Amino acid sequence: MSEGIFWLEGHSVHDPRGDLTIYQCSPSEIPFVIKRVYLLHNVPGGSLRGGHAHRTLSQAFISVNGSATITIWDGNSEEVFELNDPTKALVIPNGLWREMGNFANDAKILVLASELYSEADYIRDKFTYSEWLNVKP
Ligand code: T46
């Protein structure tokens, strides 16, 4: 797994009323302060999202319904993760290329983000990404 990526198991509380799953910001859980939350939903079958890297943004991806895949490329190797379980968050640090696909019809993917939206934070072509990997601090 690329450095810094991990699955975070939410703390689930079960009782006869149903399940409650908790994610917290702390060094051993969501390792950043959440400044923004967004939801990917109503994604038509066959759509691809992402196709970029973020210079500084860290994120956690949670499938709150349905499933989708996220493919991570770090400049050397590629890894595919399936988001399909609301009790697990995939934490992804900054600096990694990602593409999302295979969205189920009912997929709802919640993204917790460490920064406010900034277009300047995106690297949207792979050549620029490869150059950036060579010079990043
Ligand atoms: C990621 C992948 C998996 C905003 O105005 N504010 C926002 O917070 C966001 C996330 C997007 N936008 C606007 C910018 C674009 O005009 O919404 C439009 C689509 O955004 P984007 O091209 O970033 O969409 P995706 O689905 O390719 O990427 C999103 C996230 O931006 C990105 O962080 O990792 O999902």
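Residues numbered from 1 in each chain as written. Predicted model: local features only at pLDDT ≥ 70, side-chain atom pairs only at ≥ 80, totals over all residues. Heavy atoms only, no water.

A.B. asks: Now, about the overall build of the protein chain: what can you tell me, with residues and values included?
C.D. replies: For the protein chain, the count of helices and strands is 1 helix and 12 strands. When the helices and strands of the protein chain are placed in sequence order, the string is β-β-β-β-β-β-β-β-β-β-β-β-α. Here the protein chain has a C-alpha radius of gyration of 15 Å; the compact-globule value for 137 residues is 14 Å, and the two agree. Oriented by its inertia axes, the alpha-carbon framework of the protein chain measures out at about 55 × 35 × 25 Å. Within the protein chain, buried positions represent 38% of all 137 residues. (Helix = DSSP H or I, 4+ residues; strand = E, 2+ residues; numbered from the N terminus. Rg over C-alpha atoms; globule rule 2.2 N^0.38 Å. Buried < 20%, exposed > 50% of the residue type's maximum accessible area, 1.4 Å probe, protein only.)

A.B. asks: Which residues make up the nonpolar core, and what values go with them?
C.D. replies: Counting 23 residues, the largest nonpolar core has Phe61, Ile70, Met100, Ile109 and Tyr129 as its most contacted members. Looking at this core, the elements that each hand over two or more residues are strand E7 (68-73), strand E8 (78-83), strand E9 (88-92), strand E10 (97-101), strand E11 (108-113) and helix H1 (126-135). The biggest single contributor to this core is E7, with 4 residues. Apart from the residues lying within four places of it in its own chain, the contact partners of Ile70 are Phe61, Glu79, Val80, Phe81, Leu83, Leu90, Ile92, Arg98, Glu99 and Met100. Counting residues in each nonpolar core, the second largest holds 8 residues, with Leu8, Ile30, Phe32 and Leu112 among its members. (Core = buried A, V, L, I, M, F, W, Y, C linked by side-chain atoms within 4.5 Å. Contact = heavy atoms within 4.5 Å.)

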